[in-house]
Amino acid sequence: MDILILGGAGQVGTELRAHAWPDGVRVDAPDRAALDITDAEAVARALDAKPYAAVINTAAYTAVDKAESDVVAAWRLNALAPAILAAATHLRKIPLVHVSTDYVFSGDEAGDYAPDAPVNPRSVYGASKAAGEMAVRTANPRHAILRTAWVVSPHRGNFVKTMLRLAAERDALTVVDDQHGCPTSATDLAEACAAIALRLASDADAPTGTFHCVNAGSTTWRGFAEAIVAGSAARGGRAIPVTGIPTSAYPTPARRPANSRLSTASLTAAYGIAPRPWEAALDDILDRLVGPSTQNTETRA
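Conventions and cut-offs
- Residues numbered from 1 in each chain as written.
- Predicted model: local features only at pLDDT ≥ 70, side-chain atom pairs only at ≥ 80, totals over all residues.
- Heavy atoms only, no water.
- Helix = DSSP H or I, 4+ residues; strand = E, 2+ residues; numbered from the N terminus.
- Rg over C-alpha atoms; globule rule 2.2 N^0.38 Å.
- Buried < 20%, exposed > 50% of the residue type's maximum accessible area, 1.4 Å probe, protein only.
- Contact = heavy atoms within 4.5 Å.
- Areas by Shrake-Rupley, 256 points an atom, 1.4 Å probe, with all protein chains shown as cover.
- Lys, Arg positive; Asp, Glu negative; His and termini not counted.
- Charge placed at Lys NZ, Arg CZ, Asp CG, Glu CD.
- Salt bridge = Lys/Arg side-chain N within 4 Å of Asp/Glu carboxyl O.
- Axes fitted to C-alpha atoms, helices over the stretch in contact; angles between N-to-C directions.
- Parallel < 35°, antiparallel > 145°, perpendicular 65-115°, else oblique.
- Left-handed = near helix turned anticlockwise from the far one by under 90°.

So what exactly am I meant to see when it comes to the overall build of the protein chain here?
When you go through the protein chain residue by residue, the secondary structure sums to nine helices and 12 strands. Whereas a compact globule of 301 residues would reach a radius of gyration of roughly 19 Å, the protein chain reaches 19 Å, a difference of no more than 12%. When burial is assessed residue by residue, the protein chain has 52% of its 301 residues classed as buried. Long-range contacts, defined as pairs at least 24 residues apart, comprise 82% of the intrachain contacts of the protein chain with a sequence gap of at least 6. Within the structure as shown, the protein chain displays about 13,100 Å² of accessible surface, and the carbon and sulfur contribution to it stands at 52%. Mean positive and mean negative side-chain charge positions of the protein chain (28 and 32 charges, respectively) differ by 3 Å.

The structure is reproduced here in C-alpha cells:
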C-alpha cells in the first residue's frame, strides 16, 4: 500500500515520515521542488505514478501575519492546492485526509467549537483555509478534514521552541493571556492522520467529513508558556516568571481567535481516537528537545 504525504517538511509531515507505519505500507513525501501542488498537471502526474491508497495533505501557507499582505500566495496554497488535490484524488478514487485550522472560526463564541459550528474567519489565513475545506468537501466525498490548533513539536519554528529560546535569553517573559486554545503535538496529530488514512484506504464505509484533532484540555498562551518554562526548569533550564498581557498590548496584522478550543468528541466517536492531555504531550516534546526531567514535578495547566 502506497501513501502520498504532502507537506512532508513541516511539523506534521516530519512526524508522518517518522511514523511507525504497518508492514507493507510505503510512504512518499516529495518536497515542493519535486511536486508543486498548485500545478494541476504536476499533481496528476504524481498520482498516476503509483496506485496510491490515500493522500494526506499537511501542506499549508502558515505565516499568519504575512498572509495579510501576501494574499495571493496564501490562497494559492491554502485554497487552490486543496481544490486541485481533491479533484485529482476523486477522479482516481483515492481518499484524501486534509489538515485545517481553528482559524476558520471567529473565536468569539464560548465553549468548545464542534466541527459543524458555523465558520467565520477573521483573517486572510483563516479565510483561505476555510476555502480549502470547502474545495475538499465539494470535490472529493471520500475525505477527512482534520482541524487542529497550536501545533508544536521538536521541529521547525513553533511556540515551544520560541519560549525555550527566550527563557534562556531573558529574565522574564510577557505572554498573551486572553486567548484560549488547545496545544497540539504534531506527533499525536500525525498518528491521527495516519490512522484515518489507513482506515479510509481499507474500508469503503469509513467515516468521512470534518473532525477536530487537538490534545485534551486547554490553556492560554501564558499558561502554555508557564508550563514550558516549568518543564524546562525541571530539566535543568532557567526558572523565570511569565507575566500575562492582553491581546491589545501585542498587536499583530492578523486577528487571532480569542477562543480556539475545539471539541474532539466526533473524532473519538468515528475513529476511536481520544487525544491525550496536552501536558503529557508537552513533556514528550521537552524530553526530545531538552532531555529527561531531573526531578519529579506535577504537570501544570
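Is there a simple way to think about helix 1 (residues 11–18) in this case?
Within helix 1, six of the eight residues are buried, which leaves it mostly tucked inside the rest of the structure. Looking at the buried side of helix 1, the elements it contacts are strand 1 (2–6), strand 3 (52–57), strand 6 (151–152), helix 6 (186–202) and helix 9 (278–289).

Just to check I follow, could you spell out the side chain of Ser-185 for this structure?
Structurally, the position occupied by Ser-185 is in strand 9 (residues 184–185). A relative accessible area of 2% places Ser-185 in the buried class. Those residues in contact with Ser-185, other than ones at most four positions away along the chain, are Val-152, Asn-215, Arg-276, Ala-281 and Ile-285.

Before we go on, may I ask you to explain the side chain of Ser-100 in this structure?
Here Ser-100 shows up in strand 4 (residues 96–101). In contact with Ser-100, not counting residues within four places along its chain, are Lys-129, Glu-133, Ile-145, Leu-146, Arg-147 and Thr-148.

Any chance you could explain the pattern of salt bridges here in plain terms?
Oppositely charged side chains may form a pair once their charged atoms are brought near each other. Counted according to the given criterion, the structure contains 18 salt bridges. Ionic pairing is found between Asp-48 and Arg-92, a salt bridge with its closest N-O pair at 2.7 Å. You can see Asp-48 sitting in helix 2 (residues 40–49) and its partner Arg-92 sitting in the loop between helix 3 (71–91) and strand 4, a full 44 residues away along the chain. The class of Arg-92 is partly exposed, set by a relative accessible area of 25%. When the shortest N-O distance is used, the salt bridge between Asp-188 and Arg-276 registers 2.8 Å. Highlighted residues: Asp-188 in helix 6 and Arg-276 in the loop between helix 8 (265–271) and helix 9, separated in sequence by 88 residues. For Arg-276, a relative accessible area of 28% translates into the label partly exposed. Residues joined by salt bridges that share partners form a network here, namely Asp-108, Arg-122 and Arg-255.

Looking at this structure, how should I read the packing of helix 5 (residues 159–169) against helix 9?
Axis angle and axis distance: for two packed helices, these are the angle between their axes and the distance between the axes, and together they describe the pair. Interhelical geometry of helix 5 versus helix 9 gives an angle of 55° and a closest axis separation of 11 Å. When the axes of helix 5 and helix 9 are compared, the pair comes out oblique. Crossing hand, helix 5 versus helix 9: right-handed. Contact residues: Val-160, Lys-161 and Leu-164 in helix 5; Leu-282, Ile-285, Leu-286 and Leu-289 in helix 9.

Looking at this structure, I do not really get the environment of Arg-170. What am I missing?
As for its position among the elements, Arg-170 is in the loop between helix 5 and strand 7 (173–176). Look at Arg-170 and you get partly exposed, because its relative accessible area is 44%. Separated by 115 residues in the primary sequence, Arg-170 and Ile-285 have C-alpha atoms spaced 22 Å apart. Beyond its immediate stretch of four places on either side in the chain, Arg-170 contacts Arg-238 and Ile-240.

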